[in-house]
Amino acid sequence: MKSTFPLFPDSASALSGRVDALYAVWVLVSLFFTVLIFALIVFFMARYRRGHPEQVGGDERAGVWLEILWSAVPLAIMLFMFAWGARVYFQLYRPPADAVEYTAIGKQWMWKIQHPDGQREINALHVPVGQSIRVKLASEDVIHSFYIPAFRIKQDAVPGRYTSLWFKAEKPGTYHLFCAEYCGTEHSRMIGSVIVMEQRDYENWLAGGTPGKSMVASGADLFTSLACVTCHRAAPGVTQRGPKLEGVYGSQVKLADGRTVVADDNYVRESILNPTAKVVAGFDPVMPTFKGQVTEEQLTQLIAYVRSLGPTGSDAAGGTGGTAPAATANTSSAQMDANSPLNTPGATKGAAKPPRK
Ligand code: CUA
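These numbers were taken from a predicted model, which means no experiment stands behind them. (Residues numbered from 1 in each chain as written. Predicted model: local features only at pLDDT ≥ 70, side-chain atom pairs only at ≥ 80, totals over all residues. Heavy atoms only, no water.)

**Q** Got a minute to help me understand the sheet that holds strand 10 (residues 191–197) in this structure?
**A** What links the strands of a sheet is backbone hydrogen bonding, and the strands pair in either a parallel or an antiparallel sense. The five strands lie next to each other as 4-10-9-6-7, forming an open sheet whose pairing is mixed. Strand pairing shows two members of the sheet lacking a second neighbour, strand 4 (124–128) and strand 7 (153–157), which therefore form its edges. Pairs of neighbouring strands in the sheet enclose a mean axial angle of 20 degrees, with direction left out of account. Note that strand 6 (residues 144–148) and strand 9 (residues 173–179) share two bridges and pair antiparallel. Bridge pairing in strand 9 links Tyr147 to Phe178. Packing against the sheet, helix 3 (residues 199–208) makes contact with strand 4 and strand 10, and its axis sits at approximately 130 degrees to strand 4. (Pairing = 2+ DSSP bridges. Helix = DSSP H or I, 4+ residues; strand = E, 2+ residues; numbered from the N terminus. Axes fitted to C-alpha atoms, helices over the stretch in contact; angles between N-to-C directions. Contact = heavy atoms within 4.5 Å.)

**Q** What should I look at first to understand the pattern of salt bridges in this one?
**A** Using the criterion set out here, one finds 13 salt bridges in the structure. A salt bridge links Glu186 to Arg189; the shortest N-O distance between them is 3.8 Å. Classification of Glu186 by relative accessible area gives partly exposed; the value is 33%. Judged by its relative accessible area of 60%, Arg189 falls in the exposed class. As a salt-bridge pair, Glu296 and Arg269 come within 2.8 Å of each other at their nearest N and O atoms. (Salt bridge = Lys/Arg side-chain N within 4 Å of Asp/Glu carboxyl O. Buried < 20%, exposed > 50% of the residue type's maximum accessible area, 1.4 Å probe, protein only.)

**Q** Whenever I open this one, the confidence of the model for the protein confuses me. Can you help?
**A** Detailed conclusions should not be drawn from predicted coordinates in areas where pLDDT is low. When pLDDT is averaged along the protein, the result is 80; 82% of the residues meet or exceed 70. Across the protein, element-level confidence peaks in strand 6 with a mean pLDDT of 95 and bottoms out in helix 8 (residues 326–339) with 38. Considering only residues more than four positions removed or in separate chains, one finds that residues 313–357, a stretch of pLDDT under 50, has 112 contacts. (pLDDT = per-residue confidence, 0-100.)

**Q** How should the packing of helix 4 (residues 215–225) against helix 7 (residues 296–308) be read in this particular structure?
**A** In a pair of packed helices, the angle between the axes and the distance between the axes together describe the arrangement. Two numbers describe how helix 4 lies on helix 7: the axes approach to 7 Å, and their chain directions differ by 100 degrees. When the interaxial angle is binned, helix 4 and helix 7 end up roughly perpendicular. Contacts from Met215, Val216, Ser218, Gly219, Ala220, Leu222 and Phe223 of helix 4 reach helix 7 at Gln298, Thr300, Gln301, Leu302, Ala304, Tyr305 and Ser308. (Parallel < 35°, antiparallel > 145°, perpendicular 65-115°, else oblique.)

What follows is the structure in structure tokens.
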């Protein structure tokens, strides 16, 4: 579709063209059948009208095959469109391995963005062109929805869990960022911009801002200041009150009740806010809740820190795949985590820069 068409948003991501193609074919198929059906109705009304009051219909057994035909053909078209739509859906919601993770937290009524190396912005997201970006979403209050029409992606930010979406912007420019879920009186003003920049401009922009600490470094600080370190760090001669966290992220964790869970974002989050929900085998449920003591932003930093403790590459991680099927979403985000700058062990002091092309 031409971006100059006034009612159609710009097409600016690697996948937006595929969404448009699917959409265009759907419109054409619908138009074709609408015209065909209405034309036939008019034609049949004229052709088979009752000529005089005594006239009755003839034997229409020949129509059986016609009926099978007009059922089978639409069925085939529907199945084809379903397969095509599913394919595009998977492409849209499975981040590639090299995606860099940003965080967006919805709050009445703004989007709070954090870059992997610490920059923060409100209602604006600066990204480099040509880089796959995964945005991890959380909400501090109600359901919001992160919507970038020019990239043809939308994902709810749900309180109490993580979701995510990804995109790869292909054209520098400024694009609309909307909240697409009614979230209160100022919902309509919960808008912002996605600013896609050339790689060099993006680096200049990063250098010009107040860098702050990387997600991992902030998480490491919290880990100390919240005293997590007293129970979760292995030290010789000390009784280990909580499991040590090195190598936990993305691994299979055995629980006290016999279940095994994958230590993904949502698991770590739950273990901080509701520690007794899933107690690790061999430990007592002694950890206090940190609900109310950590903000959504701090939670994402703590998780980034736990993730930085490894291991790299396992069959797990992710768990933030939004509406994508769990198995596939997990696989792809595990690969992503393996390559994520956040995952470099020891990258705790502002070392986590998005990979350069
Ligand atoms: Cu947030 Cu609508």
